[in-house]
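Residue-level structure breakdown
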Amino acid sequence: MESLIKFVQDEFVEKKEFPKFSAGDTITVYYSIREGEKTRTQFFRGVVIQVKGTGASQTFTIRKMSGTVGVERIFPVNLPALQKIEINKTGSVRRKRIYYFRGLTGKKARIREKRS
């Protein structure tokens, strides 16, 4: 059964090449939105909270502050509406899932940038 699912995913799910990113990185995701007959491109820029899953079922969660309200969005990697992903900053964090970031505000919510 598992091999059948893998075969269908390899054959019919289109693969898109996105840059590698992990928790703590600040990224911009461009995706298309349909409003009636029109389609437009919208972007969502924020910090990656987690990257979950592998292969076709991989998802990532992005968090941004809109005014004083935190907004999180979960994107599947194989979403057909995804157009491109840009990495703005690479963050230096110790964990793979930075849920503690939700409780931080102000200067404490800053993430150190990874030195290259």
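Residues numbered from 1 in each chain as written. Predicted model: local features only at pLDDT ≥ 70, side-chain atom pairs only at ≥ 80, totals over all residues. Heavy atoms only, no water.

An unreviewed UniProt entry annotates the protein as Large ribosomal subunit protein bL19 originating from Constantimarinum furrinae. Note on the protein: under the UniProt heading Sequence similarities (unreviewed entry), the record states "Belongs to the bacterial ribosomal protein bL19 family." Looking at the protein in UniProt, the text filed under Function (unreviewed entry) is "This protein is located at the 30S-50S ribosomal subunit interface and may play a role in the structure and function of the aminoacyl-tRNA binding site." (UniProt positions renumbered as here; feature names shortened; annotations may be inferred.)

Moving on: the packing of aromatic side chains. Evaluated as defined, the whole model comprises five aromatic pairs. Aromatic side chains Tyr31 and Phe75 sit 5.4 Å apart centroid to centroid with 55° between the ring planes, which places their arrangement in the tilted category. Remark: Phe75 occurs in strand 4 (residues 69-76) and Tyr31 occurs in strand 1 (residues 26-35); sequence separation between them is 44 residues. The class of Tyr31 is buried, set by a relative accessible area of 5%. One aromatic cluster is present, formed by Phe21, Tyr31, Phe44, Phe60 and Phe75 through successive ring pairs. (Phe/Tyr/Trp six-rings, centres within 6.5 Å; stacked < 30°, edge-to-face > 60°. Helix = DSSP H or I, 4+ residues; strand = E, 2+ residues; numbered from the N terminus. Buried < 20%, exposed > 50% of the residue type's maximum accessible area, 1.4 Å probe, protein only.)

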